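Overview (structure and organization)
Next come the chains, spelled out residue by residue.
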Amino acid sequence: MSKVRVLVGTRKGAFVLTSDGKREKWDVSGPHFAGWELYHLKGSPADPNRLYASQCSGWFGQIIQRSDDGGKTWTQPGTPPGEKNAMPAGPPKGESNKFVYDTSSETGKPLTTHQFYDGTQHPWEFKRVWHLEPSLTDPDTVYAGVEDAALFRSKDGGKSWQELSGLRGHGTGPKWQPGAGGMCLHTIILDPKNPGRIYIAISAAGAFRTDDDGKTWRPINKGLHSQYIPDPTAEIGHCVHHVAMNPSRPGVLFMQKHWDVMRSDNAGDLWKEVSGNLPTDFGFAIDVHAHEPETIYVVPIKSDGEHFPLDGKLRVYRSRTGGNEWEALTKGLPQRDCYVNVLRDAMAVDSLDKCGVYFGTTGGQVYASADAGDSWAPIVRDLPAVLSVEVQTLP
Amino acid sequence: MIRVILPPHLRGLAHVASEVELDIQGPATQRSVLDALEVRYPMLRGTIRDHITQQRRPFLRFFACGEDLSHELPDAPLPSAIVSGAEPLLILGAIAGG
């Protein structure tokens, strides 16, 4: 029977939740890396036992962790416990957390500053890894979306990282500015049918696409309208919260923007709003059903000033029509006095039949639906604030 | 033999249960101690000092013999009690947040 493994990143550690295909009884493992912030964990599609985790701390900075046994044991890539640094006789160890922005004149225009909150130019400074996206085909290749916004790639299992600097260097970089959560590259989507195509999104710069494996990039923000931007045709500056795609239809994208739920049918070339009858179109998380590419999920949040569900009712909204027509999913979810948030990377789907849908809250609950959202039950109720949820469907 | 006491989170990363002991070649300074620490425990690189600038991370502090050495120059000699191993060098996570 198939199994599912849910990888949960929280403010105070990581948790691994496992169940069989019925998704009724769960084993909870953790906290892993207790006391650290785990922004994101994700497994390799090419080797499900290969997991990557972004571990960080305001005191000690960034750590990258890797598991080769499905989360039972972890090491910092290239740095086994007890093994000293081989410098200068061999390659340096301890560089799995070294993210250095590319300022080489050979790889494009060196970029040194972006726009800061006060409108002045500010140096790019690495703070943390928000999102790790393993390659669809190679377990040793993994992408990292970081704050301050940039895209890095490792081809050696996370031991070392190189920036794909064409993104920051494509021209608009000096105009990017941070959102309230920082200037983070939080979304990375790899196109399964076009290996050179990658989508990324940055708060608050917008969405971008490469068609040549990261060498050159262009903004894909036409059709987005943000009330705080005076120019209605602004190429960048949009606060994209998350983007989702069904792998069977990689040219169709769904976006939860700061306000507005959007869709593109042409790989981001043009977006149209599909908020429809949502009670509020502010939110962070969005995902697509594993088998029905027109079925999408969002968790409406009251407003940018009040990051909790409307009326204290935690409701997932599902559209089976690719947007515009939405239904509230409430069975099993608290319908009074609920004031949690669901963050952008904290929703995921499995690929079982029926499709499972999962999300975590800032109140520490992880909810699961084994029937595509019709009903929900908490897997765990009292974790630290949940930052990310990913799901692996295992044989 | 220099004794170094790490904060608990870094002990976890380094897989050590208590203080660590380091042999230092040449003068014992913050820099030479941290260099030796990172050679022996490469997983700590970047966690105490920035990878590139080698600056102490802002929320960390160095204490020894009841004194805050955090703002001493990296190449300043450490107190003799540290050099002799009578006292440990403490690396602390500063109180921050609420």
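Residues numbered from 1 in each chain as written. Chains lettered and ligands numbered in written order. Predicted model: local features only at pLDDT ≥ 70, side-chain atom pairs only at ≥ 80, totals over all residues.

What follows is about the overall build of chain B. Across its full length, chain B carries three helices and five strands. The linear arrangement of helices and strands in chain B, starting from the amino end, is β-α-β-α-β-β-α-β. Here chain B has a C-alpha radius of gyration of 12 Å; the compact-globule value for 98 residues is 13 Å, and the two agree. With the principal axes as the frame, chain B shows a C-alpha extent of 35 × 25 × 25 Å. Residues classed as buried in chain B amount to 28% of the 98 residues present. (Helix = DSSP H or I, 4+ residues; strand = E, 2+ residues; numbered from the N terminus. Rg over C-alpha atoms; globule rule 2.2 N^0.38 Å. Buried ≥ 20, exposed ≤ 12 C-beta atoms within 10 Å, placed from the backbone.)

The next thing to look at is the overall build of chain A. When you go through chain A residue by residue, the secondary structure sums to zero helices and 29 strands. The C-alpha radius of gyration computed for chain A amounts to 20 Å, which stays within 12% of the reference 21 Å derived for 395 residues, consistent with globular compactness. For chain A, the spread of C-alpha atoms along the three principal axes comes to 60 × 50 × 40 Å.

Our next topic: the sheet that holds strand S2 (residues 20-22) of chain B. Across a sheet, strands are paired by hydrogen bonds formed along the backbone, either parallel or antiparallel in direction. Residues and elements named next belong to chain B. Ordered by their spatial adjacency, five strands build an open sheet running S2-S1-S5-S3-S4, and the pairing between neighbours is mixed. This sheet does not close on itself; its edge strands, each paired only once, are S2 and strand S4 (67-68). Here four bridges tie strand S3 (residues 60-64) to strand S5 (residues 89-93), and the two strands are oriented antiparallel to one another. Across the sheet, residue Phe63 finds its bridge partner in S5, namely Leu90. Helix H2 (residues 30-40) rests against strand S1 (2-5), S2, S3 and S5 of the sheet, and its axis sits at about 115° to S2. (Pairing = 2+ DSSP bridges. Contact = placed C-beta atoms within 7 Å. Axes fitted to C-alpha atoms, helices over the stretch in contact; angles between N-to-C directions.)

All names here are of chain A. By the criterion of burial, strand S4 (residues 37-43) is predominantly enclosed, with seven of the seven residues buried. Pairing of S4 with strand S5 (residues 51-57), which is carried by six bridges, proceeds in the antiparallel orientation. Residue Lys42 lies in a different strand from S5, and its bridge partner there is Tyr52.

Now for the interface of chain B and chain A. In this assembly, 19 residues from chain B lie in contact with 19 residues from chain A. Listing elements by their share of the side of chain B that touches chain A, those giving two or more residues are helix H1 (8-14) and H2 of chain B. Among the residues forming the side of chain B that touches chain A, the class breakdown is nine nonpolar, six polar and four charged. (Nonpolar A, V, L, I, M, F, W, Y, C, P; charged D, E, K, R; others polar.)

Summing up the model confidence of chain B, the mean pLDDT is 93 and the portion of residues at 70 or higher is 96%. Taken together, the chains of this predicted complex give a pTM of 0.96 and an interface ipTM of 0.94. (pLDDT = per-residue confidence, 0-100.)

Let's shift gears to the nonpolar core. Counting residues in hydrophobic clusters, the biggest one holds 131 residues, and the most contacted among them are Tyr358 and Val366 of chain A. When near neighbours in sequence (up to four residues on either side) are disregarded, Tyr358 of chain A contacts Val6, Met347, Ala348, Val366, Tyr367, Ala368, Val389 and Val391 of chain A. (Core = buried A, V, L, I, M, F, W, Y, C linked by C-beta atoms within 7 Å.)

Residues and elements named next belong to chain B. Those residues of H2 lying buried are Gln30, Val33, Leu34, Leu37 and Glu38. Projected down its long axis, H2 shows its buried positions confined to an angular sector of 130°, all on one face. Elements that come into contact with the buried residues of H2 comprise S1, S2, S3 and S5. (Arc of directions from axis to C-beta.)

With that out of the way, let us pick up the sheet that holds strand S18 (residues 253-257) of chain A. Residues and elements named next belong to chain A. Reading across from one edge, S17-S18-S19-S20 is the order of the four strands in this open sheet, with antiparallel pairing throughout. Both edges of this open sheet fall to strand S17 (240-245) and strand S20 (272-273), since each of them pairs with a single strand only. The sheet contact formed by S18 and strand S19 (residues 261-264) spans four bridges and is antiparallel. From the neighbouring strand, Leu253 faces S19, where its bridge partner is Ser264.

Turning our attention to the environment of Glu147 of chain A. Residue and element names in this part refer to chain A. Note on placement: Glu147 falls in strand S10 (residues 142-147). Judged by the 24 C-beta atoms lying within 10 Å of it, Glu147 falls in the buried class. As for Glu147 and Leu51, which are separated by 96 residues in sequence, their C-alpha atoms are 21 Å apart.

All names here are of chain A. Each neighbour pair has its own omega, and for Glu147 with Asp148 the value is -5°, a cis peptide bond. For Arg23, which is not glycine, the phi torsion reads 60° and is therefore positive. Checked against the element boundaries, Arg23 lands in the loop between strand S2 (13-20) and strand S3 (27-32). Its 23 C-beta neighbours within 10 Å are what place Arg23 among the buried residues. Within the chain, Asp337 stands out as a residue other than glycine whose phi angle is a positive 55°. Looking at the secondary structure, you find Asp337 in the loop between strand S24 (327-329) and strand S25 (347-349).

The subject of this paragraph is the pairing of strand S13 (residues 184-190) of chain A. Residue and element names in this part refer to chain A. Counting buried positions over the seven residues of S13 gives seven, a clear majority of the element. Both S13 and strand S14 (residues 198-203) contribute to a ladder of six bridges, which runs antiparallel. Following the sheet pairing, Leu185 is matched in S14 by Ile202.

This part covers the environment of Pro8 of chain B. Residue and element names in this part refer to chain B. Position of Pro8 relative to the elements: it lies in helix H1. Judged by local crowding, Pro8 falls into the exposed class, with 9 C-beta atoms found within 10 Å. In this structure the C-alpha to C-alpha distance between Pro8 and Ala94, which are 86 residues apart in sequence, comes to 13 Å.

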